[in-house]
Amino acid sequence: MGGGCHWCTEAVFLSLNGVDQVEQGFVSPHALDASFSEAVVITYDTAIISMKDLIEVHLHTHKSTSEHSFRHKYRSAIYVYSKEDFENASNILIALNPNFENQIITKVEYFHQFRPSEERFHNYYYENPEKPFCETYISPKLKTILTKFGKLANTEKISASRESI
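Quick summary incoming for the structure in this document.

Considerations on the side chain of N97
- The residue N97 is located in the loop between α3 (83–96) and β4 (107–110) in this model.
- With residues near it in sequence (within four places) discarded, N97 still touches N102, Q103 and I104.

In structure tokens, the structure reads:
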């Protein structure tokens with residue numbers, strides 16, 4: 001998934017039940033190096049959380065309906081590995097679009113290549129919840145998860161950093 005800073009996106013998905021692993025870095029849906037943008041690769045348990053749930057949380061925790069000057073760095077995307085997942089994700093976007101005031105701009109793209117971010121940035125939020133960046137940009141996203149998607153939230157993990165939320 002891509003949509004904003006990978007620190008933010010990583011924290012969002014690490015805060016959900018059923019998400020086993022989140023790798024942050026740069027994803028390219030194309031063979032050209034210039035097409036890399038910040039994103040995360042998510043491993044999750046489909047018995048606990050669905051693709052639809054992941055996509056819906058994703059759409060509500062980044063600017064999924066607005067183009068901006070940093071879209072080259074922060075592509076709003078759902079990366080998939082198969083034609084079946086491509087069709088499923090596309091249908092989910094269509095079904096969720098009426099829930100938004102503006103048209104969703106998030107694209108479904110085939111995953112091509114991944115470059116991990118530097119190790120020192122992994123698990124950034126949960127290692128640094130008091131940092132100004134985390135308080136300003138990530139904590140509000142976790143509040144959204146708690147209020148809008150409470151049944152999906154890993155409340156134990158979020159509450160450990162709650163003082164900054």
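The discussion continues.
Description of α3
- With 14 residues, α3 extends 20 Å from end C-alpha to end C-alpha; this agrees with the ideal 20 Å at 1.5 Å per step.
- Of the positions making up α3, those classed as buried are A89, I92, L93 and L96. Along α3, the residues classed as buried sweep out an arc of 100° about the axis, all on the same side. Exposed side chains of α3 directed beyond 90 degrees from the buried face belong to K83, E84, N91, I94 and A95.
- Those residues of α3 that are buried are in contact with α2 (51–60), β3 (77–80) and β4.

Describing the packing of aromatic side chains
- Enumeration according to the criterion identifies eight aromatic pairs in this entry.
- Ring plane angle 45° and centroid distance 4.9 Å describe the contact between Y81 and F111, whose orientation is recorded as tilted. Taken together, the residues span a long stretch of sequence, with Y81 in the loop between β3 and α3 and F111 in the loop between β4 and β5 (113–116) at a distance of 30 residues.
- A relative accessible area of 56% places Y81 in the exposed class.
- Through a chain of ring-to-ring contacts, the aromatic side chains of W7, F121, Y124, F133 and Y137 assemble into a single cluster.
- Directly above the ring of Y126 sits K157, whose terminal nitrogen or CZ lies 4.8 Å from the centroid.

What about the pairing of β3?
- Here β3 shows two buried faces, one formed by A77 and Y79 and the other by I78 and V80.
- In terms of strand pairing, β3 meets β4 through four bridges, oriented parallel. What sits directly across from V80, in β4, is Y110.
- Handedness of the crossover joining β3 and β4 through α3: right-handed.

Quick look at the sheet that holds strand β2 (residues 37–44)
- Taking strand neighbours across the sheet as the criterion, the three strands line up as β2-β1-β5 in an open arrangement whose pairing is antiparallel. Each edge of the open sheet carries a strand with a single partner, namely β2 and β5. Pairs of neighbouring strands in the sheet enclose a mean axial angle of 50°, with direction left out of account.
- Bridge count between strand β1 (residues 19–28) and β5: four bridges; the pairing is antiparallel. Across the sheet, F26 pairs through a bridge with R115, a residue of β5.
- Along the sheet, helix α1 (residues 6–14) makes contact with β1 and β2, crossing β1 at roughly 160°.

What counts, and at which threshold
Residues numbered from 1 in each chain as written. Predicted model: local features only at pLDDT ≥ 70, side-chain atom pairs only at ≥ 80, totals over all residues. Heavy atoms only, no water. Helix = DSSP H or I, 4+ residues; strand = E, 2+ residues; numbered from the N terminus. Contact = heavy atoms within 4.5 Å. Expected span 1.5 Å × (residues − 1). Buried < 20%, exposed > 50% of the residue type's maximum accessible area, 1.4 Å probe, protein only. Arc of directions from axis to C-beta. Phe/Tyr/Trp six-rings, centres within 6.5 Å; stacked < 30°, edge-to-face > 60°. Lys NZ or Arg CZ within 6 Å of the ring centre and 35° of its normal. Pairing = 2+ DSSP bridges. Right-handed = clockwise from strand over helix to strand, strands pointing away. Axes fitted to C-alpha atoms, helices over the stretch in contact; angles between N-to-C directions.

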